[in-house]
Each structure stands twice: as C-alpha cells, then as structure tokens.
Amino acid sequence: DGIIDQNYKDLLNFEIQRAESFYKHAALGIPMLAPEARLAVSTSLRVYKGILDKIIQNDYDNFRKRAYVSKLEKFSMMPAAWLDIQDDLPFGIGGSALHSSSS
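Rules of the game
Residues numbered from 1 in each chain as written. Predicted model: local features only at pLDDT ≥ 70, side-chain atom pairs only at ≥ 80, totals over all residues. Heavy atoms only, no water. Axes fitted to C-alpha atoms, helices over the stretch in contact; angles between N-to-C directions. Helix = DSSP H or I, 4+ residues; strand = E, 2+ residues; numbered from the N terminus. Parallel < 35°, antiparallel > 145°, perpendicular 65-115°, else oblique. Left-handed = near helix turned anticlockwise from the far one by under 90°. Contact = heavy atoms within 4.5 Å. Nonpolar A, V, L, I, M, F, W, Y, C, P; charged D, E, K, R; others polar. Phe/Tyr/Trp six-rings, centres within 6.5 Å; stacked < 30°, edge-to-face > 60°. Lys NZ or Arg CZ within 6 Å of the ring centre and 35° of its normal. Expected span 1.5 Å × (residues − 1). Buried < 20%, exposed > 50% of the residue type's maximum accessible area, 1.4 Å probe, protein only. Arc of directions from axis to C-beta.

**Student:** How do you make sense of the packing of helix α1 (residues 6-27) against helix α2 (residues 35-57) when you look at a structure like this?
**Tutor:** When two helices pack together, their arrangement is captured by the angle between the axes and the distance separating the axes. For the pair α1 and α2, interaxial distance at closest approach is 11 Å and the crossing angle is 165°. Considered as vectors, α1 and α2 are oriented roughly antiparallel to each other. As for the relative orientation of α1 and α2, their crossing is left-handed in sense. Contacts between α1 and α2 pair Leu12, Ile16, Ala19, Glu20, Tyr23, Ala26 and Ala27 from the former with Leu45, Tyr48, Lys49, Leu52, Asp53, Ile55 and Ile56 from the latter. Of the residues assigned to the contact of α1 with α2, the class counts are 11 nonpolar, no polar and three charged.

Given below as structure tokens:
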C-alpha cells in the first residue's frame, strides 16, 4: 500500500509534464510517418495523454485507482486525431490541435 504525500504528487506531476513534453515532440514526427500509420500514432498520443490526465483526476493515486481511458473515450479521440494529421484542410483546421496545450 503506497503512501501518497505531497512529495509523491510532485514527483508524478514532474514525470507527467516530462511525458507530455515528449508527446509534443513526438507529434512533430507524425508527418514523416507512412500515411497509413499516422492516424494510429496520433490517436495513441491522445490516449496516453488521456491516461496522464486520469492520473491527475485520481489525485495521483495510482496505487488504489486505475488510470485508464475507456473504449468510448478512445473512439471519441479519433476524429480530433484525424484532424491533427490533415495538412490540406481549410482555415488552419488540420495539423494544429495536436501541438496545442489543450490536446
């Protein structure tokens, strides 16, 4: 049974911020992937970011609470992931959402 004190929360918060930084950096490489792989990778980035968000929602308690993204949540992320990989959509819709701080 783990102890969740402020030091533990600070550590997890640091690691979450670090992971999010890696995800943003990785997103820059998606256009270099084969077109058929882009949606899966873009969706995966959103799903893993979602897991980090769940850890925060669970008040960093990953000992007694499971941080996961449901199938419905995963499927609901796919349209935005698809938009992220579009370079030819009008009005700057495609390619920008994955790199924003709200994704």
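**Student:** Mind showing me how you'd approach the packing of aromatic side chains here?
**Tutor:** Each aromatic ring pair is described using two quantities: the centre-to-centre distance and the angle formed by the ring planes. Applying the stated rule across the entire model yields one aromatic pair. Between the aromatic rings of Tyr8 and Phe63, the centroid separation amounts to 5.3 Å while the plane-to-plane angle is 35°, which identifies the pairing as tilted. One end of the pair, Tyr8, is in helix α1; the other, Phe63, is in the loop between α2 and α3 (71-84), with 55 residues separating them in the sequence. One residue, Arg66, lies across the ring of Tyr68, its end atom 4.7 Å from the ring centre.

**Student:** Help me understand α2 in this model?
**Tutor:** Each α-helix winds once per 3.6 residues, and so residues spaced three or four apart point in a common direction. Taking 1.5 Å as the rise per residue, α2 with 23 residues should run 33 Å; its terminal C-alpha atoms sit 34 Å apart, in good agreement. Where α2 is concerned, the buried positions are Arg38, Ser42, Thr43, Leu45, Arg46, Val47, Lys49, Gly50, Leu52, Lys54 and Ile55. Buried residues in α2 make contact with α1 and α3. One or two residues past the end of α2 sits Asp59, with phi positive at roughly 55°.

**Student:** Looking at this model, I keep getting lost on α1. Mind explaining?
**Tutor:** Compared with the 32 Å implied by 1.5 Å per residue over 22 residues, the 31 Å span of α1 between its first and last C-alpha is a close match. Turning to α1, its buried residues number three or more, namely Tyr8, Lys9, Leu12, Ile16, Ala19 and Ala27. One side of α1 holds all its buried residues, which, seen down the axis, span an arc of 90°. Within α1, the exposed residues directed more than 90 degrees away from the buried face are Gln6, Asn7, Phe22 and His25. On the buried face of α1, the contacting elements are α2.

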